[in-house]
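# Reading the structure
Letter by letter, the chains look like this.
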Amino acid sequence: MAIINLIDGEKGGVGKSWVARTMLQYLKDRAIPLAGIEADRSNPTVLNIYKDSKAAFFSENEKMADVPDSIFDYALKKTVVVNLPAQAHRAVSQWINTKGLLDLGKEHGVSFTKWFVSDGESDSIELFIESLEHYQGYITHVFIKNWGRCDEWGYFHEHEAIQKAIAEYGVAVIDFPKLGDGRRIEINAKRLTFEEASNYSEFGIIGRNQIKTFLRDAYKAFESTNLLPQNVQKKESKS
């Protein structure tokens, strides 16, 4: 079954684009046929860095209701990764509901997975619960503890409502690793893909190794969910 991977978080600044780019690199390293979709008009990071990605924007405006339909069309042949902007829940859910995409997906072998990137703050946790309750288990959710945005997750673990919801809907919870802020900022400034960054001579041996270690740990987190294709041999990185 093909998957439309929605990289969400509903609020800004939680690291959605960073996670989306990492997932794209994961799939590229495994030679998985994929379509990267940039849905963030204000900050199209994925579109700027991965030149083979496409744009498809969501809107509650009825006149633009058909714009994201290409996402489903891509999913008929490829694994799709969609980098969502902040506050996209209403527009995305409207698209899924009005187009009957859950039923259409069953007919054509296409499913949705929402990868919810969190910074551990209370509003992020509440937004995740809202998403779970809205879809009622019809869309698989993954909760991503982004250690690049938060290094204290006690509030999350002690939050009774989210722990209850995670248990009720069988949500996978993964730890997404941190890459040092300086290195992350430099990669963003130079608009490098992770493959380019892993082999960028100016980062030096230690810097390149830091990036490779980050990717290794991020890939292990993705693989722990068993929700992404894994059956293609990973490409060897250049030394």
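Here the structure is shown first, and the text comes after it.
Here goes a summary of the coordinates provided. For every chain, the first residue of the written sequence is number 1, and numbering continues from 1 onward in sequence order. With the structure being a predicted model, the display of local features is reserved for residues of pLDDT at least 70 and the display and counting of side-chain atom pairs for 80 or more, all residues being used for whole-chain, interface and lining totals. Excluding hydrogens and water, the side-chain values take into account all heavy atoms of the structure.

Right, let's talk about helix 8 (residues 160-169) for a bit. Here helix 8 has its buried residues at Ile 162, Ala 165 and Ile 166. Down the axis of helix 8, the buried side of the element spans an arc of 100°, and every buried residue falls inside it. Across helix 8 from its buried face, at more than 90 degrees, point the exposed residues Glu 160, Lys 164, Ala 167 and Glu 168. At its buried positions, helix 8 is contacted by helix 6 (122-135), strand 6 (140-146), helix 7 (154-158) and strand 7 (172-176). Phi turns positive, to about 60°, at Gly 170, one or two residues after helix 8. For every residue, the accessible area (1.4 Å probe, protein chains only) is compared with the maximum for its type, and the residue is labelled buried under 20%, exposed over 50%, or partly exposed between those bounds. Put simply, DSSP marks the helices as runs of H or I at least four residues long and the strands as runs of E at least two long, and each gets a number from the N terminus on. Note that the arc is defined by the directions from the helix axis to the C-beta atoms. Working rule for contacts: check all heavy atoms of both residues, and any pair within 4.5 Å makes them a contact.

Once that is clear, we can look at the sheet that holds strand 1 (residues 2-8). Taken together, the seven strands give an open sheet; going across it, the order is 3-2-4-1-5-6-7, and neighbouring strands pair in parallel fashion. At either end of the open sheet lies a strand with only one pairing partner, and these are strand 3 (54-55) and strand 7. At least two DSSP bridges between two strands are required for those strands to pair. Here strand 5 (residues 110-118) runs beside strand 6; their pairing, made up of six bridges, is parallel. Residue pairing in the sheet places Phe 116 in a bridge with Phe 143 of strand 6. Lines fitted to C-alpha atoms define the axes, with helix axes restricted to the stretch in contact, and inter-axis angles between N-to-C directions lie between 0 and 180 degrees. Lying on the sheet, helix 6 is in contact with strand 5 and strand 6; it crosses strand 5 at an angle near 165°. Against the sheet, helix 11 (residues 204-223) engages strand 5 and strand 7, with an angle of about 180° to strand 7.

Ranked by size, the top nonpolar core spans 35 residues in total, and within it Trp 115 and Phe 222 carry the most contacts. Mapped onto this core, the elements with two or more residues apiece are helix 1 (16-29), helix 2 (45-49), strand 5, strand 6, strand 7, helix 10 (194-198) and helix 11. Look past the residues within four positions of Trp 115 in its chain and what remains in contact with it is Asn 5, Leu 6, Ile 7, Asp 8, Met 23, Val 142, Ile 144, Ile 174, Phe 222, Thr 225, Leu 227 and Leu 228. Definition used in this section: a nonpolar core is a set of buried Ala, Val, Leu, Ile, Met, Phe, Trp, Tyr and Cys residues joined via side-chain atoms within 4.5 Å.

Turning our attention to the packing of aromatic side chains. Stacked, tilted and edge-to-face are the three classes assigned to paired rings of Phe, Tyr and Trp, where Trp is represented by its six-membered ring and a pair needs centres within 6.5 Å; plane angles under 30 degrees give stacked, over 60 edge-to-face, the rest tilted. Throughout the structure, instances matching the rule amount to 17 aromatic pairs. When the centroid spacing of 5.0 Å and the interplanar angle of 75° are considered together, the rings of Trp 18 and Phe 194 count as edge-to-face. Pair noted here: Trp 18 is in helix 1 and Phe 194 is in helix 10, with a separation of 176 residues, a long-range link. Neither residue differs from the other here; Trp 18 and Phe 194 are each classed as buried. Between the aromatic rings of Trp 95 and Phe 112, the centroid separation amounts to 6.3 Å while the plane-to-plane angle is 85°, which identifies the pairing as edge-to-face. Within this pair, whereas Trp 95 is found in helix 4 (residues 89-98), its partner Phe 112 is found in strand 5, the two being separated by 17 residues in sequence. A connected cluster of aromatic rings, assembled from ring pairs, spans Trp 18, Tyr 26, Trp 115, Phe 176, Phe 194, Phe 214, Tyr 219 and Phe 222. The ring of Phe 194 has Arg 21 sitting right over it, with the charged end atom 5.6 Å from the ring centre. The residue whose ring lies beneath Arg 183 is Phe 203, and the NZ or CZ to ring-centre distance is 4.8 Å. Consider the ring centre and the ring normal. A charge sits over the ring if Lys NZ or Arg CZ is within 6 Å of that centre and within 35 degrees of that normal.

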